[in-house]
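Descriptive analysis of the structure
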Amino acid sequence: MGSAAAQIPTSFGHELRACLRCRLVKTYDQFRESGCENCPFFKMDEDNERVVDCTTPNFTGIISVMEPSRSWAARWLRIGKFVPGCYTLAVSEALPEDLQNLCEDEHVQYAPPKRV
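Within every chain, residues take consecutive numbers counted from 1 along the sequence as written. In keeping with the predicted nature of the model, local features appear solely for residues at pLDDT of at least 70, side-chain atom pairs appear and are counted solely at 80 or more, and the whole-chain, interface and lining totals rest on all residues. Hydrogens and water are ignored here; the side-chain numbers use all heavy atoms of the structure.

1. Observations concerning the sheet that holds strand β2 (residues 25-27)
Condition: One requirement defines pairing of two strands: DSSP has to find at least two bridges between them. Each helix corresponds to a stretch of at least 4 residues labelled H or I by DSSP, and each strand to a stretch of at least 2 residues labelled E; elements are numbered beginning at the N terminus.
Taken together, three strands build an open sheet; the order of strands is β2-β1-β3 and the sheet is antiparallel. Across the chains shown, the open sheet's two edge strands, defined by having one partner strand only, are β2 and β3 (55-56).

2. Brief notes about the packing of aromatic side chains
As a reminder of what qualifies: For Phe, Tyr and Trp, rings pair up if their centres lie within 6.5 Å, where Trp contributes its six-membered ring, and each pair is then called stacked (planes under 30 degrees apart), edge-to-face (over 60) or tilted (otherwise). A simple rule labels every residue: compare its accessible area, found with a 1.4 Å probe on the protein chains alone, to the largest value its type can have, and call it buried under 20%, exposed over 50%, or partly exposed in between.
Considering all chains together, one arrives at two aromatic pairs under this definition. A ring pair is formed by Phe41 and Phe42, whose centres lie 4.8 Å apart and whose planes are at 65°; its orientation type is edge-to-face. On the basis of relative accessible area, Phe42 is assigned to the buried category, the value being 0%. Aromatic pair Phe82 and Tyr87: ring centres 6.3 Å apart, planes at 20°, arrangement stacked.

3. Section: a negative patch on the surface
Rules: Only residues whose relative accessible area exceeds 30% and that take part in no salt bridge are eligible for patches, with like-charged residues grouped when within 9 Å of each other and nonpolar side chains (Val, Leu, Ile, Met, Phe, Trp, Tyr) grouped when within 5 Å. Throughout, the Shrake-Rupley method with a 1.4 Å probe supplies accessible areas, and for residues the shown protein chains are the sole cover considered. Here a salt bridge means any side-chain nitrogen of Lys or Arg lying within 4 Å of a carboxyl oxygen belonging to Asp or Glu. Positive charges are assigned to Lys and Arg, negative charges to Asp and Glu, while His and the chain termini are left out of the count. Charge positions come from single atoms, namely NZ of Lys, CZ of Arg, CG of Asp or CD of Glu.
Where like charges cluster on the molecular surface, the negative patch consists of Asp45, Glu46, Asp47, Glu49, Asp53, Glu97 and Asp98. Turning to its location among the elements, Glu97 is positioned in helix α4 (residues 97-105). Overall, the relative accessible area of 60% leaves Glu97 in the exposed class.

4. Some details on unusual backbone geometry
Look at Arg78: it is not a glycine, yet its phi comes out positive at around 65°. Its place among the elements puts Arg78 in the loop between α3 (72-76) and β5 (85-91). Relative accessible area serves as the criterion here: at 65%, Arg78 is assigned to the exposed category. Residue His107 is not a glycine yet carries a positive backbone phi of 60°.

See the structure below:
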């Protein structure tokens, strides 16, 4: 993960989406234009269908993190190693199985959402 910050959402309306792996929150257009800063291997910026597959509009809460490695909240949410940006507290959908396999191939951790 790079040290540069992720894009901040340009709007906080219904067009917000969260990455199903890292929970980064941006607008659909931002994911389409620049992908996910934490998950470049998803190549959302190269394949617009990937944005729909890798993100969800169904999430709970937003937290902005400026220094993830120093934030107790970021560590508690398991986002302490990601780039600074806006993240959701929880997503309600799992990453599709083929994309979970891609995470495994890339040797990156994926933790599915907890079922309540």
